[in-house]
Amino acid sequence: MAWQRVGLVVAGDHAEALADALEAHGAVATEINDADAGTPEEDAVFGEPGADSPLWRRCRVSALFPADAALDAAVAESLATSGIPTLDAASIDRLEDADWVALTQRQFTPIRAGARLWIVPTWHETPDPGAVNVVLDPGAAFGTGSHPTTRLCLGWLERVVRGGETVLDYGCGSGILAIAAMKLGAAGALAVDVDPLALEAARYNAQRNAVVLAVHDARDPLPGLARITVANILANPLRMLAPVIAAHTVPGGHIALSGILEEQAEGVIDAYAPFAHLEVAEREAGWVLVAGKRHG
């Protein structure tokens, strides 16, 4: 079976209503994402305790329809009944039915992330059995080792973890950074995220790698302090989280932050200045990692 997919960009406060309208007119599934993700206009959103997470300023609403659906009519009726204006022209593509598992697996191959560190999908053989191999099944959570920010963080961890440290991975996604820290010799790692799917993926991946992670919901109080803290999120939540991340890092402890575009680095460094001395440590493909130590 084949499918049709339509993408519509609308104001964030209209996105959920449009998704509902599209489903009412035949969409079998809908998804809402930041229309400006990965650009300088990205509008980072982070769930706060006791509050509903807002949507992005500009949202892309994607809807999946059967191949034989009258797509133009369904979209027109959805927009008319909801009274929602679009901000950009609609995008339409066709998805052929396929072995989605095999298709996804072909997209992820082993990735060398440092001098000793490899990220190996669960369906691949390890290229170097003698290396530090993190076996990963990302599931629905971010963190496969393929994104520049993940590689920047992994390379930093390989240089900083000497053995015996406690590590905080804030915004853990698949758990890749916390697991890598444990396999590099950390004594313990706390993997924190607001997304239940990420927490589930982190637990599963920890088991696959035979390491013990403390997996924790970010909406609950965090236990203890870390000698090494790493957070690969986005610039806006990183700025907002500066007091939290600093408070859970021991004085003199290491902090590394990524998910930051080059032009956003100064703002993130300024946000942490009361708590830590950070500077741009690495760059890749327009992204940076800022790192340093919490004030003693």
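Rules used throughout
- Residues numbered from 1 in each chain as written.
- Predicted model: local features only at pLDDT ≥ 70, side-chain atom pairs only at ≥ 80, totals over all residues.
- Heavy atoms only, no water.
- Core = buried A, V, L, I, M, F, W, Y, C linked by side-chain atoms within 4.5 Å.
- Buried < 20%, exposed > 50% of the residue type's maximum accessible area, 1.4 Å probe, protein only.
- Helix = DSSP H or I, 4+ residues; strand = E, 2+ residues; numbered from the N terminus.
- Contact = heavy atoms within 4.5 Å.
- Pairing = 2+ DSSP bridges.
- Axes fitted to C-alpha atoms, helices over the stretch in contact; angles between N-to-C directions.
- pLDDT = per-residue confidence, 0-100.
- Salt bridge = Lys/Arg side-chain N within 4 Å of Asp/Glu carboxyl O.

What is the right way to look at the nonpolar core in this model?
Proteins that are soluble and globular tend to have nonpolar side chains buried together. The biggest cluster of nonpolar side chains holds 39 residues, and the ones touching the most others in it are Leu 154, Trp 156, Leu 157 and Leu 213. Element by element, the count of residues in this core is highest for helix H5 (residues 176–183), at 7 residues. Residue contacts for Leu 157: discarding those within four places in its chain leaves Leu 177, Ala 181, Leu 184 and Ile 228. If you look at the next biggest cluster of nonpolar residues, it comprises 24 residues, including Tyr 170, Leu 257, Ala 276 and Leu 278.

I keep staring at unusual backbone geometry and nothing clicks. Help me out?
Residues other than glycine predominantly adopt negative phi, and peptide bonds predominantly adopt the trans conformation. Not every positive phi belongs to a glycine, and Ala 210 is a case in point at roughly 55°. Inspection of the secondary structure puts Ala 210 in the loop between helix H6 (196–208) and strand E10 (214–217). Look at Ala 210 and you get exposed, because its relative accessible area is 74%. In this structure, Ala 285 is a non-glycine residue whose phi angle is positive, near 50°. Structurally, Ala 285 is set in the loop between strand E13 (276–284) and strand E14 (287–294). Taking relative accessible area as the criterion, Ala 285 reaches 66% and is therefore assigned exposed.

It is not clear to me how the sheet that holds strand E1 (residues 3–11) should be interpreted in this structure. Could you clarify?
Pairing between the strands of a sheet is mediated by backbone hydrogen bonds and can be parallel or antiparallel. Read from one edge of the open sheet, 4 strands run E2-E3-E1-E4, paired in antiparallel fashion. Of all the strands in the sheet, the pair left with one neighbour each is strand E2 (29–34) and strand E4 (91–95). On average, each strand axis in the sheet is inclined to that of its neighbour by 25°, with strand direction left out of account. Taken together, the 6 bridges between E2 and strand E3 (residues 58–66) define a ladder with antiparallel strand orientation. Within E3, the position partnered with Asp 34 by the bridge is Cys 59. Strands in contact with helix H1 (residues 15–24) are E1, E2 and E3; relative to E3, the strand with the most contacts, it is inclined by about 10°.

Help me understand the confidence of the model for the chain, please; the structure alone is not making it clear to me.
For residues with low pLDDT, the predicted coordinates do not support detailed interpretation. Of the residues in the chain, 90% reach a pLDDT of 70 or more, and the chain-wide mean stands at 88. Counting interchain partners and residues more than four positions distant, the pLDDT-below-50 stretch residues 46–53 has 10 contacts.

Mind showing me how you'd approach the pairing of E13 here?
One face of the sheet, then the other: side chains in a regular strand alternate in exactly this way. In this sheet, E14 lies alongside E13 in antiparallel orientation, the contact comprising 8 bridges. Of the residues in E14, the one forming a bridge with Glu 282 is Leu 289. The turn linking E13 back onto E14 is made up of 2 residues, and Ala 285 within it adopts a positive phi angle of 50°.

What exactly am I supposed to notice about the pattern of salt bridges here?
Where charged atoms of side chains with opposite charge meet at close range, the side chains can pair. Inspection of every chain in the model, using the stated rule, returns 8 salt bridges. Across the pair Arg 5 and Asp 93 runs a salt bridge, and its minimum N-O distance is 2.6 Å. In this pair, Arg 5 is assigned in strand E1 and Asp 93 in strand E4, connecting sequence segments 88 residues apart. For Asp 93, a relative accessible area of 30% translates into the label partly exposed. Among the ionic pairs, Arg 58 bridges to Asp 88, the shortest N-O distance being 3.5 Å. Taken together, the positions of Arg 58 in strand E3 and Asp 88 in the loop between helix H2 (71–82) and E4 put the pair 30 residues apart, joining distant regions of the chain. Classification of Asp 88 by relative accessible area gives partly exposed; the value is 34%. One connected set of salt bridges, linked through shared partners, spans Asp 36, Arg 57, Arg 58 and Asp 88.

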